Amino acid sequence: MKTEQIVLIGCGAMGSALARGIAKKGDVNPSSVWVYDTNEERAKQLSRELGVKAAASLEEAVPLSRHLLVAVKPQDIDGLIQMLRGLVTPGQLVTSIAAGITIATLQNGLGPECKILRLMPNTPCLVGEGAIAMSAGKNVSEGEREEVMALLKPLGLTLQVPEKLMDAVTGLSGTGPAYVFLFVETLIDAGVTVGLNRDVASKLVIQTLIGAAKMLQEFKIHPAELRNNVTSPAGTTCAALQVLEETGFRSSMIKAVIEATRRAGEL
Ligand SMILES: NC(=O)c1ccc[n+]([C@@H]2O[C@H](COP(=O)([O-])OP(=O)(O)OC[C@H]3O[C@@H](n4cnc5c(N)ncnc54)[C@H](OP(=O)(O)O)[C@@H]3O)[C@@H](O)[C@H]2O)c1
(Lines give C-alpha, C1' and ligand atoms only; values in the text may rest on other atoms or scores of the structure.)
Protein backbone atom coordinates (compact mmCIF):
# COMPACT_ATOMS: atom_id res chain seq x y z
CA MET A 1 0.00 0.00 0.00
CA LYS A 2 1.34 3.45 -0.80
CA THR A 3 1.77 5.19 2.52
CA GLU A 4 -0.40 8.25 2.79
CA GLN A 5 -0.03 10.62 5.68
CA ILE A 6 -2.10 9.89 8.77
CA VAL A 7 -2.68 12.14 11.75
CA LEU A 8 -3.78 10.65 15.03
CA ILE A 9 -5.47 13.19 17.29
CA GLY A 10 -5.46 12.30 21.00
CA CYS A 11 -2.61 10.15 22.31
CA GLY A 12 -4.25 8.66 25.41
CA ALA A 13 -4.97 4.99 26.13
CA MET A 14 -6.84 4.17 22.92
CA GLY A 15 -5.01 6.65 20.69
CA SER A 16 -1.64 5.18 21.71
CA ALA A 17 -2.96 1.67 20.98
CA LEU A 18 -4.05 2.79 17.51
CA ALA A 19 -0.69 4.48 16.86
CA ARG A 20 1.28 1.43 18.05
CA GLY A 21 -0.77 -0.99 15.95
CA ILE A 22 -0.59 1.14 12.81
CA ALA A 23 3.04 2.24 13.08
CA LYS A 24 4.53 -1.02 14.38
CA LYS A 25 2.55 -3.71 12.61
CA GLY A 26 0.78 -1.89 9.80
CA ASP A 27 1.76 -1.56 6.18
CA VAL A 28 2.57 2.06 6.91
CA ASN A 29 5.87 3.85 7.24
CA PRO A 30 6.05 5.40 10.76
CA SER A 31 7.51 8.56 9.21
CA SER A 32 4.18 9.19 7.49
CA VAL A 33 2.25 9.07 10.77
CA TRP A 34 1.69 12.29 12.73
CA VAL A 35 0.51 12.29 16.32
CA TYR A 36 -1.05 15.28 18.01
CA ASP A 37 -2.27 15.83 21.57
CA THR A 38 -3.05 19.01 23.48
CA ASN A 39 -0.76 17.44 26.09
CA GLU A 40 2.40 17.83 23.98
CA GLU A 41 4.51 15.43 26.04
CA ARG A 42 2.13 12.52 25.23
CA ALA A 43 2.66 13.06 21.50
CA LYS A 44 6.43 13.42 21.95
CA GLN A 45 6.59 10.20 23.95
CA LEU A 46 4.83 8.28 21.15
CA SER A 47 7.15 9.92 18.64
CA ARG A 48 10.23 8.70 20.57
CA GLU A 49 8.79 5.21 20.96
CA LEU A 50 7.50 4.65 17.42
CA GLY A 51 9.45 6.98 15.17
CA VAL A 52 6.24 8.80 14.24
CA LYS A 53 6.17 12.61 13.95
CA ALA A 54 4.82 14.72 16.83
CA ALA A 55 2.84 17.64 15.41
CA ALA A 56 3.11 20.93 17.27
CA SER A 57 -0.32 21.93 15.97
CA LEU A 58 -3.21 20.58 13.93
CA GLU A 59 -2.39 23.18 11.27
CA GLU A 60 0.99 21.50 10.78
CA ALA A 61 -0.30 17.97 10.18
CA VAL A 62 -3.93 18.04 9.06
CA PRO A 63 -3.48 19.68 5.64
CA LEU A 64 -0.87 17.04 4.69
CA SER A 65 -2.88 14.03 5.80
CA ARG A 66 -5.28 11.72 3.99
CA HIS A 67 -6.54 10.17 7.24
CA LEU A 68 -7.53 11.90 10.48
CA LEU A 69 -7.99 9.42 13.35
CA VAL A 70 -9.81 11.05 16.24
CA ALA A 71 -9.24 9.50 19.68
CA VAL A 72 -10.20 12.22 22.15
CA LYS A 73 -12.83 11.80 24.88
CA PRO A 74 -16.45 12.43 23.85
CA GLN A 75 -16.55 15.57 26.04
CA ASP A 76 -13.57 17.02 24.11
CA ILE A 77 -15.14 16.53 20.67
CA ASP A 78 -16.84 19.95 20.53
CA GLY A 79 -13.55 21.71 21.27
CA LEU A 80 -11.75 19.61 18.66
CA ILE A 81 -14.41 20.35 16.04
CA GLN A 82 -13.81 24.07 16.61
CA MET A 83 -10.07 23.50 16.08
CA LEU A 84 -10.62 21.41 12.93
CA ARG A 85 -13.27 23.57 11.31
CA GLY A 86 -11.87 25.06 8.11
CA LEU A 87 -8.85 22.73 8.16
CA VAL A 88 -10.60 19.54 6.99
CA THR A 89 -11.26 19.15 3.27
CA PRO A 90 -13.64 16.76 1.43
CA GLY A 91 -10.68 14.71 0.18
CA GLN A 92 -9.82 13.58 3.71
CA LEU A 93 -11.22 10.70 5.74
CA VAL A 94 -12.11 11.55 9.35
CA THR A 95 -12.43 8.43 11.52
CA SER A 96 -13.58 8.85 15.12
CA ILE A 97 -13.59 6.38 18.00
CA ALA A 98 -15.36 8.74 20.43
CA ALA A 99 -18.11 6.69 22.08
CA GLY A 100 -21.62 8.00 21.52
CA ILE A 101 -20.57 10.79 19.12
CA THR A 102 -22.66 10.31 15.99
CA ILE A 103 -21.63 10.72 12.39
CA ALA A 104 -24.27 13.49 12.14
CA THR A 105 -22.63 15.45 15.00
CA LEU A 106 -19.23 15.30 13.29
CA GLN A 107 -20.77 16.05 9.89
CA ASN A 108 -22.64 19.08 11.28
CA GLY A 109 -19.46 20.35 12.89
CA LEU A 110 -17.03 19.75 10.05
CA GLY A 111 -19.22 20.35 7.00
CA PRO A 112 -21.70 18.48 4.80
CA GLU A 113 -19.03 17.47 2.25
CA CYS A 114 -16.73 15.81 4.81
CA LYS A 115 -16.15 12.08 4.80
CA ILE A 116 -16.81 10.74 8.29
CA LEU A 117 -16.44 7.25 9.75
CA ARG A 118 -17.24 6.11 13.25
CA LEU A 119 -15.66 3.17 15.06
CA MET A 120 -16.36 1.24 18.23
CA PRO A 121 -13.14 -0.62 19.08
CA ASN A 122 -12.43 -2.64 22.21
CA THR A 123 -9.36 -2.91 24.41
CA PRO A 124 -7.91 -6.10 22.83
CA CYS A 125 -6.80 -3.66 20.08
CA LEU A 126 -3.86 -3.24 22.48
CA VAL A 127 -2.67 -6.72 21.49
CA GLY A 128 -3.81 -6.67 17.86
CA GLU A 129 -6.91 -8.76 18.59
CA GLY A 130 -9.54 -6.05 18.83
CA ALA A 131 -13.12 -6.34 17.60
CA ILE A 132 -13.94 -3.10 15.80
CA ALA A 133 -17.32 -2.05 14.41
CA MET A 134 -17.30 0.59 11.69
CA SER A 135 -20.07 2.81 10.28
CA ALA A 136 -19.50 5.25 7.47
CA GLY A 137 -21.19 8.52 6.54
CA LYS A 138 -22.93 9.08 3.23
CA ASN A 139 -19.93 10.68 1.50
CA VAL A 140 -17.65 7.68 2.08
CA SER A 141 -17.35 5.28 -0.86
CA GLU A 142 -16.98 1.51 -0.55
CA GLY A 143 -13.34 1.85 -1.68
CA GLU A 144 -12.69 4.39 1.09
CA ARG A 145 -14.28 2.09 3.69
CA GLU A 146 -11.92 -0.63 2.57
CA GLU A 147 -9.02 1.81 2.77
CA VAL A 148 -9.84 2.50 6.43
CA MET A 149 -10.34 -1.21 7.16
CA ALA A 150 -6.90 -1.92 5.69
CA LEU A 151 -5.41 0.75 7.95
CA LEU A 152 -7.05 -0.87 10.99
CA LYS A 153 -6.01 -4.42 10.09
CA PRO A 154 -3.10 -4.61 12.58
CA LEU A 155 -5.54 -3.83 15.41
CA GLY A 156 -7.82 -6.82 14.88
CA LEU A 157 -11.07 -7.59 13.09
CA THR A 158 -13.16 -4.76 11.62
CA LEU A 159 -16.79 -5.30 10.59
CA GLN A 160 -19.16 -2.79 9.04
CA VAL A 161 -22.45 -2.21 10.88
CA PRO A 162 -25.29 0.31 10.41
CA GLU A 163 -24.76 3.21 12.80
CA LYS A 164 -28.07 2.53 14.59
CA LEU A 165 -26.46 -0.67 15.95
CA MET A 166 -23.48 1.08 17.57
CA ASP A 167 -25.09 0.97 21.04
CA ALA A 168 -25.59 -2.78 20.61
CA VAL A 169 -21.93 -3.14 19.60
CA THR A 170 -20.95 -1.16 22.70
CA GLY A 171 -23.05 -3.50 24.86
CA LEU A 172 -21.61 -6.63 23.26
CA SER A 173 -17.99 -6.29 22.13
CA GLY A 174 -17.13 -2.82 23.50
CA THR A 175 -17.99 -3.98 27.01
CA GLY A 176 -17.24 -7.62 26.15
CA PRO A 177 -13.70 -7.87 27.53
CA ALA A 178 -15.09 -7.09 31.00
CA TYR A 179 -17.54 -10.01 30.75
CA VAL A 180 -14.70 -12.32 29.76
CA PHE A 181 -12.43 -11.02 32.55
CA LEU A 182 -15.20 -11.64 35.10
CA PHE A 183 -15.80 -15.12 33.70
CA VAL A 184 -12.08 -15.95 33.90
CA GLU A 185 -11.76 -14.53 37.41
CA THR A 186 -14.74 -16.61 38.54
CA LEU A 187 -13.38 -19.80 36.98
CA ILE A 188 -10.00 -19.27 38.67
CA ASP A 189 -11.77 -18.87 42.03
CA ALA A 190 -13.71 -22.04 41.26
CA GLY A 191 -10.45 -23.87 40.57
CA VAL A 192 -9.07 -22.74 43.92
CA THR A 193 -12.32 -23.83 45.58
CA VAL A 194 -11.87 -27.38 44.27
CA GLY A 195 -8.27 -27.55 45.49
CA LEU A 196 -5.91 -26.16 42.83
CA ASN A 197 -3.40 -23.49 43.73
CA ARG A 198 -4.16 -20.06 42.25
CA ASP A 199 -1.23 -20.03 39.85
CA VAL A 200 -2.08 -23.41 38.35
CA ALA A 201 -5.80 -22.58 38.20
CA SER A 202 -5.04 -19.28 36.49
CA LYS A 203 -2.77 -20.84 33.85
CA LEU A 204 -5.27 -23.62 33.13
CA VAL A 205 -8.20 -21.22 32.78
CA ILE A 206 -6.39 -18.75 30.50
CA GLN A 207 -5.11 -21.53 28.26
CA THR A 208 -8.60 -23.08 28.14
CA LEU A 209 -9.98 -19.72 27.04
CA ILE A 210 -7.34 -19.29 24.32
CA GLY A 211 -7.79 -22.88 23.11
CA ALA A 212 -11.59 -22.68 23.02
CA ALA A 213 -11.43 -19.34 21.19
CA LYS A 214 -9.05 -20.78 18.60
CA MET A 215 -11.34 -23.80 18.07
CA LEU A 216 -14.28 -21.46 17.48
CA GLN A 217 -12.25 -19.39 15.04
CA GLU A 218 -10.58 -22.22 13.14
CA PHE A 219 -13.30 -24.89 13.02
CA LYS A 220 -16.09 -22.40 12.23
CA ILE A 221 -18.55 -24.72 13.99
CA HIS A 222 -21.50 -23.40 16.01
CA PRO A 223 -20.56 -23.13 19.71
CA ALA A 224 -23.50 -25.38 20.68
CA GLU A 225 -22.09 -28.15 18.49
CA LEU A 226 -18.62 -27.81 20.03
CA ARG A 227 -20.26 -27.94 23.46
CA ASN A 228 -22.29 -31.04 22.51
CA ASN A 229 -19.08 -32.70 21.34
CA VAL A 230 -17.61 -32.47 24.85
CA THR A 231 -20.81 -33.43 26.68
CA SER A 232 -20.89 -37.19 27.19
CA PRO A 233 -24.04 -38.86 28.56
CA ALA A 234 -24.30 -38.54 32.35
CA GLY A 235 -20.78 -37.10 32.42
CA THR A 236 -19.10 -34.19 34.21
CA THR A 237 -19.96 -31.54 31.58
CA CYS A 238 -23.66 -32.54 31.73
CA ALA A 239 -23.65 -32.11 35.49
CA ALA A 240 -21.99 -28.68 35.25
CA LEU A 241 -24.22 -27.42 32.44
CA GLN A 242 -27.33 -28.39 34.36
CA VAL A 243 -26.23 -26.13 37.22
CA LEU A 244 -25.52 -23.25 34.81
CA GLU A 245 -28.99 -23.62 33.26
CA GLU A 246 -30.68 -23.81 36.69
CA THR A 247 -28.89 -20.71 37.92
CA GLY A 248 -29.76 -18.67 34.82
CA PHE A 249 -26.33 -18.23 33.23
CA ARG A 250 -27.71 -17.58 29.76
CA SER A 251 -30.44 -15.18 30.83
CA SER A 252 -27.96 -13.29 33.06
CA MET A 253 -25.58 -12.82 30.12
CA ILE A 254 -28.36 -11.70 27.80
CA LYS A 255 -29.76 -9.28 30.40
CA ALA A 256 -26.26 -7.87 31.00
CA VAL A 257 -25.78 -7.10 27.29
CA ILE A 258 -29.28 -5.57 27.03
CA GLU A 259 -28.54 -3.36 30.04
CA ALA A 260 -25.13 -2.26 28.68
CA THR A 261 -26.77 -1.46 25.32
CA ARG A 262 -29.48 0.58 27.05
CA ARG A 263 -26.85 2.46 29.08
CA ALA A 264 -24.78 3.18 25.94
CA GLY A 265 -27.86 4.84 24.44
CA GLU A 266 -28.28 7.00 27.57
CA LEU A 267 -24.70 8.32 27.62
N1 LIG B 1 -10.93 2.93 26.45
C2 LIG B 1 -11.75 2.13 25.76
O3 LIG B 1 -11.94 0.94 26.02
C4 LIG B 1 -12.49 2.69 24.59
C5 LIG B 1 -13.23 1.83 23.78
C6 LIG B 1 -13.90 2.38 22.69
C7 LIG B 1 -13.82 3.74 22.42
N8 LIG B 1 -13.11 4.54 23.25
C9 LIG B 1 -13.05 5.98 22.95
O10 LIG B 1 -11.71 6.36 22.76
C11 LIG B 1 -11.60 7.75 23.01
C12 LIG B 1 -10.32 8.01 23.77
O13 LIG B 1 -10.42 7.38 25.03
P14 LIG B 1 -9.12 7.22 25.92
O15 LIG B 1 -9.50 6.33 27.03
O16 LIG B 1 -7.95 6.91 25.06
O17 LIG B 1 -8.98 8.78 26.45
P18 LIG B 1 -7.72 9.47 27.09
O19 LIG B 1 -6.77 8.47 27.62
O20 LIG B 1 -8.24 10.57 27.99
O21 LIG B 1 -7.00 10.17 25.83
C22 LIG B 1 -7.50 11.30 25.18
C23 LIG B 1 -6.33 12.24 24.89
O24 LIG B 1 -6.78 13.30 24.06
C25 LIG B 1 -6.26 14.53 24.55
N26 LIG B 1 -7.07 15.64 24.03
C27 LIG B 1 -8.16 16.26 24.58
N28 LIG B 1 -8.63 17.21 23.74
C29 LIG B 1 -7.82 17.21 22.65
C30 LIG B 1 -7.79 17.95 21.43
N31 LIG B 1 -8.67 18.90 21.18
N32 LIG B 1 -6.82 17.66 20.54
C33 LIG B 1 -5.92 16.71 20.78
N34 LIG B 1 -5.87 15.96 21.90
C35 LIG B 1 -6.83 16.21 22.83
C36 LIG B 1 -6.30 14.34 26.03
O37 LIG B 1 -5.49 15.27 26.70
P38 LIG B 1 -5.91 15.66 28.23
O39 LIG B 1 -5.79 14.40 29.04
O40 LIG B 1 -4.90 16.71 28.58
O41 LIG B 1 -7.32 16.16 28.15
C42 LIG B 1 -5.76 12.91 26.15
O43 LIG B 1 -4.34 12.88 26.08
C44 LIG B 1 -12.85 8.17 23.76
O45 LIG B 1 -13.66 8.98 22.94
C46 LIG B 1 -13.55 6.87 24.07
O47 LIG B 1 -14.95 7.01 23.99
C48 LIG B 1 -12.43 4.05 24.31
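The shown structure was predicted, so the numbers you read here are calculated from the model rather than taken from an experiment.

(A) Broad picture of the overall build of the chain. A tally of regular secondary structure across the chain gives twelve helices and eight strands. Once the C-alpha set of the chain is aligned to its principal axes, its extents read approximately 70 × 35 × 30 Å. Here the chain holds 267 residues, and the buried ones make up 32% of them. Residue pairs in contact within the chain that sit at least 24 positions apart in sequence constitute 63% of those at least 6 positions apart.

(B) Fine view of the site of the ligand. The environment of the ligand is made up of 28 residues, and the closest members are G10, G12, M14, A98 and A99. Those elements giving two or more residues to the shell around the ligand turn out to be α1 (13-25) and α4 (77-84). In terms of residue class, the shell around the ligand is built from 15 nonpolar, nine polar and four charged.

(C) Summary view of the sheet that holds strand β2 (residues 33-36). An order of β3-β2-β1-β4-β5-β6-β7-β8 is seen for the eight strands of this open sheet, with the pairing classed as mixed. In this open sheet, the two strands that pair with only one neighbour each are β3 (53-54) and β8 (156-160). Pairing between strand β1 (residues 6-9) and β2: four bridges, direction parallel. Bridge pairing in β2 links I6 to V33. Lying on the sheet, helix α6 (residues 142-152) is in contact with β4 (67-70), β5 (93-96), β6 (115-120), β7 (130-136) and β8; it crosses β7 at an angle near 160°.

Reading the values: rules and limits
Residues numbered from 1 in each chain as written. Predicted model: local features only at pLDDT ≥ 70, side-chain atom pairs only at ≥ 80, totals over all residues. Helix = DSSP H or I, 4+ residues; strand = E, 2+ residues; numbered from the N terminus. Buried ≥ 20, exposed ≤ 12 C-beta atoms within 10 Å, placed from the backbone. Contact = placed C-beta atoms within 7 Å. Near = placed C-beta within 6 Å. Nonpolar A, V, L, I, M, F, W, Y, C, P; charged D, E, K, R; others polar. Pairing = 2+ DSSP bridges. Axes fitted to C-alpha atoms, helices over the stretch in contact; angles between N-to-C directions.

Read these as spatial facts, not as claims about activity.
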